[in-house]
Amino acid sequence: MDPDDEFIPEDPLTELSRLASEAIDGQAKGASSAERRRRCDRVLEMEAQGHLTDERAYFLAGLVMICGETVADFRHAHRFARRATELGDERAWTLRAMAWDRLLIELGQPQHFGTQIIRIGGRWSLGEVNPRVTDWERALFGVPPLYVQLQRVEELQRSERG
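Residues numbered from 1 in each chain as written. Predicted model: local features only at pLDDT ≥ 70, side-chain atom pairs only at ≥ 80, totals over all residues. Heavy atoms only, no water.

Participant: Please provide a residue-by-residue account of the overall build of the protein chain, values included.
Facilitator: Looking only at helices and strands, the protein chain features 7 helices and 2 strands. Secondary structure elements of the protein chain occur, N-terminal to C-terminal, as α-α-α-α-α-β-β-α-α. Overall size of the protein chain, expressed as C-alpha extent along the three principal axes, is 60 × 35 × 25 Å. By the burial criterion, 37% of the 162 residues in the protein chain qualify as buried. As displayed, the protein chain has an accessible area near 9,300 Å², and 53% of this comes from carbon and sulfur atoms. (Helix = DSSP H or I, 4+ residues; strand = E, 2+ residues; numbered from the N terminus. Buried < 20%, exposed > 50% of the residue type's maximum accessible area, 1.4 Å probe, protein only. Areas by Shrake-Rupley, 256 points an atom, 1.4 Å probe, with all protein chains shown as cover.)

See the structure below:
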């Protein structure tokens, strides 16, 4: 057997990066539940194997999990993003806010930051957003002010009509 024909597994960061890219592309293209589940399960397997060791790995794992479908997926996304911020990944603050909002929506509660644009009655919306959260708090998590998020909703709605 030729040694070049042997399977060489990806290193964990390369695999996480690929899974995150696939997850983000899948969001735009409408990935199947089975594809989402496969990616999320693989990230959890990689965590169990000790492959999440630095801020980049936790950030990428969070990206995969936020593209999942279940409350558990979104809890993992938030946990991974929180760990990435604790390890110094500045990008993960926004992911942390997004995962928290996605979890709250899934639980039927108002968003905290207003990061998730959702469909309600055939129209794009932020849905309910906690009115006590300030734009200053949003800024701490790298989230635009609420009025900017509302403008994005309107732009999305207009682009669909036009």
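Participant: Please give an account of the pattern of salt bridges that cites residues and values.
Facilitator: In this structure the tally under the stated criterion is 16 salt bridges. A salt bridge links Glu 22 to Arg 39; its shortest N-O distance comes to 4.0 Å. Pair noted here: Glu 22 is in helix H1 (residues 12-29) and Arg 39 is in helix H2 (residues 33-48), with a separation of 17 residues, a long-range link. For Arg 39, a relative accessible area of 5% corresponds to the buried category. Note that Glu 45 and Arg 42 form a salt bridge whose closest N and O atoms lie 2.5 Å from each other. On the criterion of helical spacing, the pair formed by Glu 45 and Arg 42 is a turn pair, its members being 3 residues apart in helix H2. Here Glu 45 falls in the partly exposed class, since its relative accessible area comes to 40%. (Salt bridge = Lys/Arg side-chain N within 4 Å of Asp/Glu carboxyl O.)

Participant: Which residues make up helix H5 (residues 92-106), and what values go with them?
Facilitator: In this model H5 runs 21 Å from its N-terminal to its C-terminal C-alpha over 15 residues, within 8% of the 21 Å that 1.5 Å per residue would give. Looking only at H5, the buried set comprises Ala 92, Leu 95, Arg 96, Ala 97, Ala 99, Asp 101, Arg 102, Leu 103 and Leu 104. Note on H5: the residue one or two positions beyond its end, Gly 108, has a positive phi of about 80°. (Expected span 1.5 Å × (residues − 1).)

Participant: For the packing of H2 against helix H4 (residues 71-86), give the residues involved together with the corresponding values.
Facilitator: It is at 12 Å that the axes of H2 and H4 come closest, and there the two elements cross at 45°. One way to sum up the angle between H2 and H4 is to call them oblique. As H2 runs across H4, the sense of the crossing is left-handed. Taken together, the residues of H4 that come into contact with H2 (itself represented by Arg 37, Cys 40, Val 43, Leu 44 and Glu 47) are Asp 73, His 76, Arg 79 and Phe 80. In the contact of H2 with H4, the residues fall into 4 nonpolar, 1 polar and 4 charged. (Axes fitted to C-alpha atoms, helices over the stretch in contact; angles between N-to-C directions. Parallel < 35°, antiparallel > 145°, perpendicular 65-115°, else oblique. Left-handed = near helix turned anticlockwise from the far one by under 90°. Contact = heavy atoms within 4.5 Å. Nonpolar A, V, L, I, M, F, W, Y, C, P; charged D, E, K, R; others polar.)

Participant: Go over the environment of Ala 97 with me, naming the residues and quoting the values.
Facilitator: Along the chain, Ala 97 turns up in helix H5. Classification of Ala 97 as buried rests on a relative accessible area of 0%. On a C-alpha basis, the gap between Ala 97 and Gln 111 in space is 9.6 Å, while along the polypeptide they are 14 residues apart.

Participant: Outline the state of the cysteines, supporting the account with residue identities and numerical values.
Facilitator: Within this structure, the stated rule accounts for 0 disulfides. Note on Cys 40: no disulfide assigned, nearest cysteine sulfur contributed by Cys 67 at a separation of 7.9 Å. (Disulfide = S-S within 2.5 Å.)

Participant: Describe in detail the packing of aromatic side chains, supporting the description with residues and values.
Facilitator: Note on aromatic pairs: each is described by the distance of the centres and the angle between the planes. All chains considered together, the criterion is met by 3 aromatic pairs. Aromatic side chains Tyr 58 and Phe 80 sit 6.1 Å apart centroid to centroid with 50° between the ring planes, which places their arrangement in the tilted category. Of this pair, Tyr 58 sits in helix H3 (residues 55-66) while Phe 80 is found in helix H4, placing the two residues 22 residues apart along the sequence. Taking relative accessible area as the criterion, Phe 80 reaches 0% and is therefore assigned buried. Ring centres 4.8 Å apart and planes at 50° place the aromatic pair Phe 113 and Phe 141 in the tilted group. (Phe/Tyr/Trp six-rings, centres within 6.5 Å; stacked < 30°, edge-to-face > 60°.)

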